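Tertiary structure, described
The primary structure of each chain is shown beneath.
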Amino acid sequence: MATQLPDTLPPGGAPVPVSAPARRARRWTVDPEIVIPAAVLLVIIGACFVWPLVGPVPPPVGGSILNAGLPPFSPGHIFGTDPVGNDIFSRILYGGRVSIEVGLATQLIGIAVGGTVGCIAGYRGGVTDTAVMRVVDVLIAFPALVLALAIADGLGPSEVHVIWALSFFSIPAFARISRAATLRLQGQTFMLAARLSGTRGWRILLRHVAPNIMPQLVTFGLLGMGVAIILEGALSFLGLGIPDPGPSWGNMIALGQGTLSASPALVLIPSVFLFATVLSLNLLGDGLRAHWGAR
Amino acid sequence: MSTGSGPGAGHGGIGGSTALLDVRDLSVRFQRRGREALAVNSVTFTVQPRQTLAIVGESGSGKTVSCRAVMGLLPPAAQVTGSARFQGRELIGLSDADIRQHCGRDVAMVFQDPARSLNPTMRVGTQVTEAIRAHQPVSRRDARDRAIELMSLVRIPLPDRRFADYPHQFSGGMRQRLMIAIALACHPRLLIADEATTSLDVTTQAQIMDLLLDLQAQLGMALILISHDLGLAAAYTDDVIVMYAGGIVEQAPTRQLFSHVRMPYTQALLEAVPQLDRPAHSPLPVIGGRPPDPGAPLAGCPFAPRCPRARERCREDAPPLAEQEPGHYWACWFPCQDGGPG
Amino acid sequence: MAAEADVAPAGPRSRGPAGRAVLTSPALRLVARRLLLAIPVLWGVTLLTFVVMNLLPGNAAQEILGASATPAEVRALEIRLHLNEPFWIRYGHWLGGVLSGNLGSSFTSGQQVTSILAQRLPVTLELLLYAFLISVCVAVPVATAAARRPGGIADRLSMVASMAGLSIAPYVLGLVLIYIFAVRLRILPALGYESLSQGIAGNIRSLTLPAISLGLPIACFYTRLLRSDLVEQMQGEDYVVTARAKGIGPWQVLTRHALRNSLFGLITVIGLNLGTLIGAAVIIEQIFSLPGIGQVLLQSINNRDVIVVEAVVLVFAVIVVLASLAADLLYAVLDPRIRYGHSAA
């Protein structure tokens, strides 16, 4: 597991909160620290989702044992084949789909559910807040891995179950962040003005709070996506994520573990892709936070 | 009250060899978002030994920046040009190691907010001994004794007991005394008090000012008081410099300045001080507008947009700072005359 | 604010070296309060675990006897293991047992859970400690060196390296390390564990690669955090200007002033991060075949051995809660503003 973030972002500066209309007048400046990782991510995502549809990519499963163990740069198999005969390049692409889907889904669920809950808790305060945060504390203290393992073991490994299990993990994290961000916003004058002008609670949340905490949530989400992808890899590595023979970067690494000394490429190739994706997500998240925070 | 200073009382432009601090054409530039901001614009003044000088101005006038430039405490992004000689030795452009040599030893500074200027997690005694041992190779025990001496010099009661306390265990005034003790650790010839009393209540302010002046007399130091408070300047100093928008706009011996105000800006500052003898419920006079943006200097006099006496010439042509009366410099085309604003 | 009548106030204020012994009410009250708050959290965790385990299809009896058992045999075992009783009764029994110090026995092996824990827990704890030490010993010097000159070479290099480091999955790092150090260079073992009784050198050797795999990504995270905080302190805080005005060198300003204050922030984060570390440790144990509690957990989930799972989860949760509490307590002890209270006259 890469690093789980605490309930606030490490220092880097939270964006300066502004009332909703003032935010619309904002200029974009192009920043290489954002553009480069974003571009890399787009390439990876594009490759995983689009290339198999357009290019000549062999199927990721059902390879013939006659083709087993071909080294990289063999004709027709640019990354070689695995011990069962499947083309590694194709497995990388399809495995990437899984990682990205899992990463994206868990963070979106986290923002939608956790972000909303935390926001409401922070805004309402009082009993609502305490109750919600106790529950969140339990969820966070609960070793989420156990739950993920349990779910996978009990319900059978599948991508959807992995998403559920990891959302269990991302929802309380987002709840904490969004609550902290909302609380920071509470003291601002424009919030008071909105309340005094009689605006209904949910409108305030929607029009004023949400746009202001969104940058922080998005940044956290990007970093969290990296964490989720690594976790999915971990589950698949343990055989509790994507079931064989469906490819996932995690179970490719697990498969390669057995032949680590003989052909390290089987471990290294998916590892490199995993690393590149997570690194780009981290860089993008960091770059966006610096960009938004330095306004 | 203003004490009579030794030789060279009041400053002349060319204080020359007797001057403790001789600043000439000091300018400081910052880069901000690609634009250059001129924070201090060609400032020239001298400080004699044992003299008390006030540098007065609103926020952003450059008073703090110029003094920090002399101390070498500006961030690396600041470009400093010009000259500042301390006892004949040039300070601008010194290497970091040389700056550290002279900081704290020849010139020391007391800052505005003692709550934030002291390290909250370090015992106060250690913070004082640190200042001592930075320049003097004394043993721990000797440093401790010396620190306790300093603490009693600045009138902190029971210094040996309070040596091991932490800053938050002191009141604001006591903390400021600690800052003074730290500043005095190595017997500086010049002490700069940067808004040292601004964050204190009035009574404490008076106590600290009295302390500073007593120490000055006792230790024979020169003192620069940086403030926005004209009352302070009037009550405690020999000479006053008024700064605006990074430059000096008026300077004179204190008595002379306040009895014959020339600069409309200084006049406006004086009027802005609440007076007891004003009719009840009369509105407080304020100086409308704001100081110019240091990144976008205007042609002409920087105060012109806000000056009640401004005319065409002021907006086109910046008036030079010149000694128009003996010892009294100002930079204005249409200065105030005696007997109130003309 | 009244004029200064700053006589040293009477009262239970600690002073000097002897004062350290007087951890008066503020700290103790903090501990008591946090412990009290922790109890419902721990209870919630155990309940949740029970619920989850209960929802899973299959039960221990089936797992033990295997697929070939007849329904009658399974039923008999279920009754013996009390698995036929309703949920609340079983939970109640277990909870009662815990509160009286009895964690029960494993369904599968019959072994006392406490003895399982005694065997396996030390390995995991040693791994965690080792990883923690590595992370701190890397993060503090690197961050300090980086903060000395923000934007300089050391800073940029370490920020790039740490960004890369925290993007690596611990299990990937583990495999890569095994390949380099065990397969190619053959200087460190890939698998297995030597206990302390077999010799301390062997013990440390067998834990080195796992500890690095666990500790390095976290170290990178701490490095970035600490460096960021240090730079903020050095550039923004007034006491730093005071320190510089004394004429002391930049290294001393950094280490004696800024670092002190930045370490506080780090302590809190370390406490919060322990949960992640534990999760990653489970996987690392798997890769390196360490007989720790992670392996036990995996097997027990597989076997539907609820008793053992509960115990392990409880232990994990307790560690996390205690670590968080310890961090807060450390904060309270080290930060003189809390330790000595606000007693400005």
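Values in this document were obtained by computation on a predicted structure and should not be read as measured data.

**Notes on the overall build of chain B**
In terms of regular secondary structure, chain B is built from 12 helices and 12 strands. Taking 2.2 N^0.38 as the reference for a compact globule, 342 residues should give roughly 20 Å; the C-alpha atoms of chain B span a radius of gyration of 21 Å, in line with that estimate. Taken along the three principal axes of its C-alpha coordinates, chain B extends 65 × 50 × 45 Å. Taking all 342 residues of chain B together, 47% fall into the buried category. Taking contacts inside chain B between residues at least 6 apart in sequence as the whole, the part at least 24 apart equals 66%.

**Notes on the environment of Ala322(B)**
Residue and element names in this part refer to chain B. When you line up the elements, alanine 322 lands in strand E11 (residues 322-325). On the basis of neighbour counts, which here come to 10 C-beta atoms within 10 Å, the residue alanine 322 falls in the exposed class. The spacing of alanine 322 and glutamate 250 is 72 residues in sequence and 9.0 Å in space, taken between C-alpha atoms.

**Let's talk about the interface of chain C and chain A**
With 50 residues of chain C in contact, the opposing surface of chain A contributes 42 residues. Sorting the residues of the side of chain C that touches chain A by element identifies helix H1 (25-55), helix H6 (153-166), helix H7 (170-184), helix H8 (200-236), helix H10 (250-288), helix H11 (293-302) and helix H12 (306-334) of chain C as the ones contributing at least two each. Counting residues per element, the side of chain C that touches chain A draws most heavily on H10(C), which supplies 11 residues. Classifying every residue of the side of chain C that touches chain A by side-chain character gives 38 nonpolar, 9 polar and 3 charged.

**Observations regarding the sheet that holds strand E6 (residues 107-110) of chain B**
Residues and elements named next belong to chain B. With mixed pairing, 8 strands are arranged side by side in an open sheet as E6-E7-E8-E3-E9-E10-E12-E11. The sheet is open, and its two borders are formed by E6 and E11, each paired with just one other strand. On average, each strand axis in the sheet is tilted by 25° relative to the strand beside it, whichever way the strands run. Judged from the 4 bridges that link them, strand E3 (residues 52-56) and strand E9 (residues 239-244) form a sheet pairing that is parallel. From the neighbouring strand, isoleucine 55 faces E9, where its bridge partner is isoleucine 241. Helix-sheet contacts for helix H7 (residues 172-183) involve E6 and strand E7 (190-194), and the interaxial angle to E6 is about 170°.

**Considering the interface of chain C and chain B**
Residue-level contacts link 29 residues of chain C with 38 residues of chain B. Counting only elements with at least two residues in the side of chain C that touches chain B, the list comes to helix H9 (238-245), H10 and helix H13 (336-339) of chain C. The dominant element in the side of chain C that touches chain B, judged by the number of residues it contributes, is H9(C), at 6 residues. Here the side of chain C that touches chain B is composed, by residue class, of 12 nonpolar, 8 polar and 9 charged.

**Some remarks on unusual backbone geometry**
Residue and element names in this part refer to chain B. In this model, serine 42 sits at a positive phi of 50°, which is unusual for a non-glycine residue. Relative to the helices and strands, serine 42 resides in strand E2 (residues 35-47). One non-glycine residue, arginine 50, lies in the positive phi region at around 65°. Examined against the element boundaries, arginine 50 turns out to sit in the loop between E2 and E3. Look at arginine 50 and you get buried, because 22 C-beta atoms sit within 10 Å.

**Focus on the sheet that holds strand E1 (residues 21-32) of chain B**
Strand pairing in a sheet is mediated by backbone hydrogen bonds. Such pairs are either parallel or antiparallel. Residues and elements named next belong to chain B. As summarised here, the arrangement of the 4 strands in space is E2-E1-E4-E5, forming an open sheet in which the pairing is antiparallel. Unpaired on one side and paired on the other, E2 and strand E5 (89-90) mark the two borders of the sheet. Two strands pair when backbone bridges link them, and E1 and strand E4 (residues 79-86) are joined in this way by 7 bridges, in the antiparallel orientation. Following the sheet pairing, arginine 24 is matched in E4 by serine 83. Packed onto the sheet, helix H1 (residues 63-71) meets E1, E2 and E4 and runs at close to 110° relative to E1.

**Re the packing of helix H10 (residues 249-257) of chain A against helix H11 (residues 265-293) of chain A**
All names here are of chain A. The contact between H10 and H11 brings their axes to 7 Å, and the two run at 155°. By the angle class used here, H10 and H11 are roughly antiparallel. Note on packing geometry: the crossing formed by H10 with H11 is left-handed. Counting all contacts with H10, which are made through Trp249, Met252, Ile253, Leu255, Gly256 and Gln257, the residues of H11 involved are Leu266, Val267, Pro270, Ser271, Phe273 and Leu274. Counted by class, the contact of H10 with H11 contains 9 nonpolar, 3 polar and no charged residues.

**Digging into the nonpolar core**
Counting 262 residues, the largest nonpolar core has Val128(B), Leu190(B), Ala193(B), Ile224(B), Ile241(B) and Val312(C) as the members making the most contacts within it. In contact with Val128(B), other than residues within four places in its own chain, are Ala147(B), Leu150(B), Met151(B), Ala181(B), Ile182(B) and Ala185(B).

**Quick word on helix H4 (residues 124-133) of chain B**
Residues three or four positions apart in an α-helix share a direction because the helix packs 3.6 residues into each turn. All names here are of chain B. Counting buried positions along H4 gives 9 out of 10 residues, so the element sits mostly inside the fold. Residues of H4 that are buried include every one of Val124, Gly125, Gln127, Val128, Thr129, Glu130, Ala131, Ile132 and Arg133, and no others. Structurally, H4 contributes buried residues whose contacts are with helix H5 (140-153) and H7.

**With respect to the pairing of E11(B)**
All names here are of chain B. Note: E11 against strand E12 (residues 328-330), 3 bridges, orientation antiparallel. Note on E12: the bridge partner recorded for glutamate 325 is histidine 328. Between E11 and E12, which pair antiparallel in sequence order, lie 2 residues; one of them, glycine 327, sits at a positive phi of approximately 80°.

**Focus on the arrangement of the chains**
Contacts between protein chains span 2 pairs of chains, and they are most numerous for chains A and C. The two partners chain A and chain B share no contact, and the minimum distance between any of their C-alpha atoms is 12 Å.

**Overview of helix H3 (residues 71-80) of chain C**
Counted residue by residue, H3(C) has 0 buried out of 10 residues, so it is predominantly exposed. Looking at the residues trailing H3(C), positive phi occurs at His82(C), about 65°.

**Focus: the packing of helix H2 (residues 32-49) of chain A against helix H4 (residues 88-124) of chain A**
Two measures define how a pair of helices packs: the angle their axes make with one another and the distance between the axes. All names here are of chain A. Between H2 and H4, the least distance of the axes is 8 Å, while the angle of their chain directions is 115°. Crossing geometry of H2 relative to H4 is assigned as left-handed. Contacts from Ile44, Ile45, Ala47, Cys48 and Phe49 in H2 reach Leu93, Gly96, Arg97 and Ile100 in H4. For the contact of H2 with H4, the residue count by class is 7 nonpolar, 1 polar and 1 charged.

**Details of the pairing of E1(B)**
Residues and elements named next belong to chain B. Here 9 bridges tie E1 to E2, and the two strands are oriented antiparallel to one another. What sits directly across from leucine 26, in E2, is valine 43. Between E1 and the antiparallel strand that follows it, E2, lie 2 residues; arginine 33 among them carries a positive phi value of about 50°.

What counts and how
Residues numbered from 1 in each chain as written. Chains lettered and ligands numbered in written order. Predicted model: local features only at pLDDT ≥ 70, side-chain atom pairs only at ≥ 80, totals over all residues. Helix = DSSP H or I, 4+ residues; strand = E, 2+ residues; numbered from the N terminus. Rg over C-alpha atoms; globule rule 2.2 N^0.38 Å. Buried ≥ 20, exposed ≤ 12 C-beta atoms within 10 Å, placed from the backbone. Contact = placed C-beta atoms within 7 Å. Nonpolar A, V, L, I, M, F, W, Y, C, P; charged D, E, K, R; others polar. Pairing = 2+ DSSP bridges. Axes fitted to C-alpha atoms, helices over the stretch in contact; angles between N-to-C directions. Parallel < 35°, antiparallel > 145°, perpendicular 65-115°, else oblique. Left-handed = near helix turned anticlockwise from the far one by under 90°. Core = buried A, V, L, I, M, F, W, Y, C linked by C-beta atoms within 7 Å.

Worth remembering: the numbers are spatial, not functional.
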